[in-house]
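Report on the structure
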Amino acid sequence: LNIKGLQGARGRIGNSEIALVASGIGMRRAAENAHRAFEEIREPDLVILTGVAGALADKLDIGDAILGDRLMTREGDDAHPARTIEVSRTHFDRASAALDATGIRHTRGAILTVKYPLATESDKRFAGASTGAIAVDMETAVIAFEAAAREIPFIAIRTIMDTVEHDVAGAGLADENGKVRPLKAAATLARNPAMVAGVIRLVRNLRKASDAMAVAVEVLARGLG
């Protein structure tokens, strides 16, 4: 990218020029990096907000694509969304049609952005029931707010890396920026050896979700270009 403080790359997909920017993990870092990216990358035609997510509803499996029609934040433990933003119906419909045209099955619904991971099935089900969201992450909505403030159109697509019934192994080891202290992690795993299997499963699911995400983003870049 050649932009100080940002990780990413530039290239082309089909006829579209692409700037890929890593948001970082967590609401604060994502907001800061989005602000910096939009200051440096002028007048993009469209922002595709993407990454992996946790399921908040049944019948969502690892690697399933979620196309967000509504994005919301939850700052703390409050059950109700703090802020909500709608995705443009025109861009949403075009994105859905592009996925349909290539046979990529996707579920339409709201995506919730939270400050800390929802680690347990009970936490995820409560968040889904109280907000109406079907998936959860830690970045999407805050980037959308930054884009909307600049009148930049956006769409949001995430792929599922943990289902609603699966606890997220080791989620409590990370802070709001996704950082894990190695010594603390090692001590926790030593005391809870059963957690190791959960971590291995999570890494396997992350790989599957990331592969599915890459396919979906390429389809969108080509189809919307």
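Above this text sits the structure in question.
I will try to describe carefully the structure that is included in this document. (Residues numbered from 1 in each chain as written. Predicted model: local features only at pLDDT ≥ 70, side-chain atom pairs only at ≥ 80, totals over all residues. Heavy atoms only, no water.)

1. Overview of the overall build of the protein chain
Within the protein chain one finds six helices and eight strands. The linear arrangement of helices and strands in the protein chain, starting from the amino end, is β-β-α-β-β-β-α-β-α-β-α-β-α-α. By the burial criterion, 43% of the 225 residues in the protein chain qualify as buried. Within the protein chain, residue pairs in contact and separated by at least 24 positions form 76% of the contacts whose partners lie at least 6 positions apart. As displayed, the protein chain has an accessible area near 11,800 Å², and 52% of this comes from carbon and sulfur atoms. With 29 positive and 29 negative side-chain charges, the protein chain shows a separation of 4 Å between the mean positions of the two kinds. (Helix = DSSP H or I, 4+ residues; strand = E, 2+ residues; numbered from the N terminus. Buried < 20%, exposed > 50% of the residue type's maximum accessible area, 1.4 Å probe, protein only. Contact = heavy atoms within 4.5 Å. Areas by Shrake-Rupley, 256 points an atom, 1.4 Å probe, with all protein chains shown as cover. Lys, Arg positive; Asp, Glu negative; His and termini not counted. Charge placed at Lys NZ, Arg CZ, Asp CG, Glu CD.)

2. So, the pattern of salt bridges
In the structure shown here, the tally under the stated rule is 12 salt bridges. One salt bridge in this structure joins Arg125 and Asp58, with 2.9 Å as the shortest N-O distance. Here Asp58 lies in the loop between strand 3 (47-55) and strand 4 (65-74) and Arg125 lies in helix 3 (residues 121-131), a separation of 67 residues in the sequence. Judged by relative accessible area, Asp58 falls into the partly exposed class, the value being 45%. Where Asp137 meets Arg158, a salt bridge forms, and the shortest distance between an N and an O atom there is 2.9 Å. Highlighted residues: Asp137 in strand 7 (residues 133-137) and Arg158 in strand 8 (residues 154-162), separated in sequence by 21 residues. Take Arg158: its relative accessible area is 5%, and that puts it in the buried class. Here the salt bridges share partners, and the residues they tie into one network are Glu39, Glu146 and Arg150. (Salt bridge = Lys/Arg side-chain N within 4 Å of Asp/Glu carboxyl O.)

3. A word on unusual backbone geometry
At Asn2, a residue that is not glycine, the phi angle is positive and equals roughly 55°. The exposure class of Asn2 is exposed, given its relative accessible area of 85%. The phi torsion at Glu151 lies on the positive side, around 60°, for a residue other than glycine. Position of Glu151 relative to the elements: it lies in the loop between helix 4 (140-149) and strand 8.

4. Topic: the packing of helix 1 (residues 27-40) against helix 4
Packed helix pairs are specified by the crossing angle of their axes together with the interaxial distance, meaning the distance between the axes. Between helix 1 and helix 4, the shortest axis-to-axis distance is 8 Å and the interhelical angle comes to 30°. The angle between helix 1 and helix 4 places the two elements in the roughly parallel class. Regarding helix 1 and helix 4, the two cross each other, and that crossing is right-handed. Where helix 1 abuts helix 4, its residues Met27, Ala30, Ala31, Ala34, His35 and Phe38 lie against Val142, Ile143, Glu146 and Ala147. In terms of residue class, the contact of helix 1 with helix 4 is built from eight nonpolar, one polar and one charged. (Axes fitted to C-alpha atoms, helices over the stretch in contact; angles between N-to-C directions. Parallel < 35°, antiparallel > 145°, perpendicular 65-115°, else oblique. Left-handed = near helix turned anticlockwise from the far one by under 90°. Nonpolar A, V, L, I, M, F, W, Y, C, P; charged D, E, K, R; others polar.)

5. Comments concerning the nonpolar core
Counting 40 residues, the largest nonpolar core has Leu49, Leu71, Leu99, Phe154 and Leu220 as the members making the most contacts within it. Looking at this core, the elements that each hand over two or more residues are helix 1, strand 3, strand 4, helix 2 (89-101), strand 7, helix 4, strand 8 and helix 6 (194-224). Element by element, the count of residues in this core is highest for helix 4, at six residues. With residues up to four places along the chain from it excluded, the contact list for Leu71 reads Leu49, Arg83, Thr84, Ile85, Val87, Ile111, Thr140, Ala141, Ala144, Phe154 and Ala156. Counting 10 residues, the second-largest nonpolar core is a separate cluster that includes Leu112, Val114, Leu118 and Ala127. (Core = buried A, V, L, I, M, F, W, Y, C linked by side-chain atoms within 4.5 Å.)

6. Quick notes on the pairing of strand 8
Among the nine residues in strand 8, nine count as buried, and that is most of the element. For strand 3 and strand 8, the ladder comprises eight bridges, and the chain directions are parallel. Bridge assignment links Val47 to a residue of strand 8, and that residue is Phe154. Where strand 4 lies against strand 8, three bridges are found, and the strand directions are antiparallel. Directly across from Leu67, in strand 8, lies its bridge partner Ile157. (Pairing = 2+ DSSP bridges.)

7. What about the pairing of strand 4?
The buried count for strand 4 comes to eight of 10 residues, which makes it a mostly enclosed element. Across nine bridges, strand 4 lies against strand 6 (residues 106-114) in parallel orientation. Bridged to Met72 within strand 6 is Leu112. With four bridges joining them, strand 4 and strand 5 (residues 83-86) adopt antiparallel strand pairing.

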